[in-house]
Amino acid sequence: MIYMDNSVTSFPKPCEVVKETKKAISRYFANPGRSTFKGAVKVSEAIYEARENLALLVGTLPENIIFTYNATYALNMVLQGIIKEKMTVMTDRFAHNSVLRPLYALQKKKVNVKFLDTHPLYDSVMISSFEKAVEKGKVDVLVLTHTSNVTGKHTPIKRLSAICKKHGVLLVVDASQGLGSCDIDMRKLGIDILISSGHKGLYGIMGTGFIAVGEGRKIEIEPLITGGSGIFSHLKTMPDALPERLEAGTLGVPGIISMKAGAEFLMRVGVEDIGHKERLLRTRLIDGLSGISGVSVYNADVNTNSIVLFNFDRLSSAIGAERMEKEGIALRAGFHCAPLIHSVIGKGKRDYDGALRLSVGFFNTGRECERVIRAVSRIAKEV
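Residues numbered from 1 in each chain as written. Predicted model: local features only at pLDDT ≥ 70, side-chain atom pairs only at ≥ 80, totals over all residues. Heavy atoms only, no water.

### Some details on the packing of aromatic side chains
Going through the model one piece at a time under the given rule, you end up with eleven aromatic pairs. Look at Tyr298 and Tyr352: their rings are 6.2 Å apart centre to centre, the planes differ by 70 degrees, and that puts the pair in the edge-to-face class. Here Tyr298 is found in the loop between strand E9 (295-297) and strand E10 (307-312), whereas its partner Tyr352 is found in the loop between helix H11 (339-345) and strand E13 (355-359), with 54 residues between them in sequence. For Tyr352, a relative accessible area of 18% gives the class buried. Through pairs of rings, three or more aromatic residues link up here, namely Tyr203, Phe265, Phe362 and Phe363. In this structure, Lys277 is placed above the aromatic ring of Phe362, and the distance from its NZ or CZ to the ring centre is 4.8 Å. (Phe/Tyr/Trp six-rings, centres within 6.5 Å; stacked < 30°, edge-to-face > 60°. Helix = DSSP H or I, 4+ residues; strand = E, 2+ residues; numbered from the N terminus. Buried < 20%, exposed > 50% of the residue type's maximum accessible area, 1.4 Å probe, protein only. Lys NZ or Arg CZ within 6 Å of the ring centre and 35° of its normal.)

Spelled out as structure tokens, the structure:
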């Protein structure tokens, strides 16, 4: 099988991730932050090292790293924890349902949700839309997608964050698709809160994610889940200090250790080198698929790392995925949990039912890309 579904979850995992995760399962038997015997302290130290690694990777302090069970969980914690009644929140049309659905739920609680104008290619459209919005009225929170999981487009975070700082807007960034292949430094980009899954570009196991609060940011996040924290057990509420305030209950130790090892892999290999390899592989796919009659590539002009979005002109995306699987190629079809950007891509296209998405990863090869191109060519000729 040729695996090109890395935007869903990365595969294979680096050897060190597999090794450290097995070690966590077999040796880290104690509950971190609770007991004081040597085994428990050892696990607590490993968890703190994971915080240090992630903090170094994204540009914040270790105590500002909060572990969650996925990015969706993290986004719900943040959005429901900071957004109050009558606030105005803006987001982009690249947004994943893990952003959209919590915001739609908040609309029912009298939160004003607005959308930035979004173009598949041009940053100026989004920037101009946000400038007009903040000049027209107060915006409390801006939620941005760092990298689209549909087209791969990178959002102009730094330019938008400058506008946020000028107008006192809190900036929340979903970095699930960009982390690991793009240099994401919260300090340089001006991000207040960053959220990411752990199982994609971070190479951790599934069921992992985290919240990162910017260094020096005094942000009140009301806990979504409350319970045991290991400290201040006499209190009726969660502790005030991070990360314990937002980490109720037993942590997913093997998953956290997998992210720790994944971050070490990224820093050893180099995020820029990983991104460079992915871009080369994507370019190879784009060049090959763009020349096939009966195939439409939707994001050839997007400057991105890993995603190729396409369709067979005479097949639905679902049937196209079935045909590709028969060729031994794993990819994803449909709307990829991001319906708004698909409504832009599919506008004016009759019977548009989503698209096929190839998403390469660091462990894919040029030879695999050539096999994919040949498979697409065969299918296009047969239909």
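Now that the structure has been shown, we can carry on.
### Some remarks on the environment of Phe362
Relative to the elements of secondary structure, Phe362 occurs in the loop between E13 and helix H12 (366-382). What makes Phe362 buried here is its relative accessible area of 18%. Residues Phe362 and Ser10, 352 residues apart in the sequence, show an inter-C-alpha distance of 9.0 Å. Apart from residues lying up to four places away in sequence, Phe362 is in contact with Tyr203, Phe265, Val269, Ile274, Lys277 and Glu278. (Contact = heavy atoms within 4.5 Å.)

### Considerations on the pairing of strand E4 (residues 112-115)
One ladder, built from four bridges, connects strand E3 (residues 88-91) with E4; its direction is parallel. Each bridged residue has a counterpart across the sheet, and for Thr91 the counterpart in E4 is Phe115. Since E3 and E4 lie parallel, the crossover through helix H4 (residues 97-107) that links them has a hand, and here it is right-handed. (Pairing = 2+ DSSP bridges. Right-handed = clockwise from strand over helix to strand, strands pointing away.)

### Considering the packing of helix H9 (residues 271-290) against H12
Between H9 and H12, the shortest axis-to-axis distance is 9 Å and the interhelical angle comes to 20 degrees. Relative to H12, the element H9 lies roughly parallel. Relative to H12, H9 is oriented so that their crossing is right-handed. Here Leu281, Arg284, Leu285, Gly288 and Leu289 of H9 come into contact with H12, specifically with Gly366, Cys369, Glu370, Val372, Ile373 and Val376. (Axes fitted to C-alpha atoms, helices over the stretch in contact; angles between N-to-C directions. Parallel < 35°, antiparallel > 145°, perpendicular 65-115°, else oblique. Left-handed = near helix turned anticlockwise from the far one by under 90°.)

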